[in-house]
Structures are given as C-alpha cells and as structure tokens.
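Listed below, chain by chain, are the residues.
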Amino acid sequence: MIHQQATYRLRGHHLLCLLGYRGMGYSPEYVQNMTQLHRRLREHPETLVTLVVGPDDLCAKFPETQPCHCHDATVMQRDSAVRQRLGVQTGETYHWSDITQRIQNHIVASDIATLCRTCSWRSYGVCEEGVERLHNGEGLVEVPDAVDETTHSTPKAKMNI
C-alpha cells in the first residue's frame, strides 16, 4: 500500500519564518497550526511543499479578530524576494529538504535584515538564528506542544509577518 504524503501550501516568506519559529504567533490556534507544520518539516524533511502566491496553510489560521495583512503589498513583495533569491517558482512542489538546501546555498543570516526588513517579528532575531542553524547542519529547533497564553505574542509594531 502506497502512503499518500501530505503537501503543504506555503508562501515565499514563510519558508524563512519556519526557520525562526519558536512557538510564538498571533493566537493559540495559529501557534498550534504552525507548531504542527513545523514539527512535520523537522521530523520529515521529505515533506512536500507547494509554493503559492498569497495566503497559505499558515495564513488559514490567522485570527479573524486581528487586522489581516496576508494580502498586503509589503508581504507579497517579501514573498517574491524570497522566492527569487531561492530560485523557486510558485505552483511548483519541492521537498522541504530541497528548500532548506536552497536556503543554505543562497541565504545567509544577514540577508534577513534586507529580505524581511518590514517584518515586525524580525526584532526577535530568531530567523537569523534559524538560518545560522541550517548553515551549521542543525536544522529546525524543536518546539514544544504546549499552547497557553505564554506561547503566543504579537509584536507591538504593525503586524507584517
């Protein structure tokens, strides 16, 4: 019996967000969704990822009670810049391990300041750290399951993640 493998839909900049993910997000539901995807990618690097334009499987859990930025021009520009830097195309499907190899080959930690300059989460420094981990052969950080009021936060600046 052939096991059908799940394919996740991700936008360009979320490829970098996943490197820096440490269990923070916009709401408990968002954090739970991102933690599950993050864990899947960490434990199964052969997981398939299809690149999309606009909202993806992570945006799907963005809280309705907060101003949505998933269609903002700055976010779309960030997606495009990341895709271009990695040499990947929307509509194409890649193994997560191929994406991380492309990140290792085409992005260094200091690139986050430029690629993600309008992201309010950038001040945490975790995305740079995530890129460094890839370059050191360490992969994604293990993120615990627990979702409570301490595991999600929203940057004080305008949310542009």
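A quick note: this is a predicted structure, and the numbers were derived from the prediction, not measured. (Residues numbered from 1 in each chain as written. Predicted model: local features only at pLDDT ≥ 70, side-chain atom pairs only at ≥ 80, totals over all residues. Heavy atoms only, no water.)

From N to C terminus, the chain includes six helices and three strands. Shown N-terminal to C-terminal, the secondary structure of the chain runs as helices and strands in the order β-α-α-β-α-β-α-α-α. Residue burial in the chain is summarised as follows: out of 161 residues, 48% are buried. In the chain, the proportion of contacts linking residues at least 24 apart, taken out of those at least 6 apart, comes to 79%. Here the chain displays about 8300 Å² of accessible surface, and carbon together with sulfur accounts for 49% of that area. (Helix = DSSP H or I, 4+ residues; strand = E, 2+ residues; numbered from the N terminus. Buried < 20%, exposed > 50% of the residue type's maximum accessible area, 1.4 Å probe, protein only. Contact = heavy atoms within 4.5 Å. Areas by Shrake-Rupley, 256 points an atom, 1.4 Å probe, with all protein chains shown as cover.)

Turning our attention to the packing of aromatic side chains. Throughout the structure, instances matching the rule amount to four aromatic pairs. Each ring, one from Tyr26 and one from Tyr30, has its centre 5.1 Å from the other, and the planes form 80°; the classification is edge-to-face. Residue class for Tyr30 comes out buried when judged on its relative accessible area of 5%. Aromatic ring contacts, followed pair by pair, group Tyr26, Tyr30, Phe62, Trp121 and Tyr124 into a single cluster. (Phe/Tyr/Trp six-rings, centres within 6.5 Å; stacked < 30°, edge-to-face > 60°.)

This brings us to the side chain of Ser27. Within the element layout of this structure, Ser27 appears in the loop between helix H1 (14-20) and helix H2 (28-43). A polar side-chain atom of Ser27 sits 3.1 Å from the main-chain amide nitrogen of Tyr30. (Polar contact = N/O pair within 3.5 Å; in protein donor to acceptor, adjacent residues only side chain to side chain.)

An order of S1-S2-S3 is seen for the three strands of this open sheet, with the pairing classed as mixed. The strands lining the two open edges of the sheet, one partner per strand, are strand S1 (7-10) and strand S3 (93-95). Pairwise comparison of adjacent strand axes, ignoring direction, gives a mean angle of 35° for this sheet. As paired strands, strand S2 (residues 48-51) and S3 are joined by three bridges and run antiparallel to one another. Within the sheet, the bridge partner assigned to Leu48 lies in S3 and is His95. Contacts from helix H4 (residues 96-106) reach S2 and S3 within the one sheet, and its direction differs from that of S3 by about 80°. (Pairing = 2+ DSSP bridges. Axes fitted to C-alpha atoms, helices over the stretch in contact; angles between N-to-C directions.)

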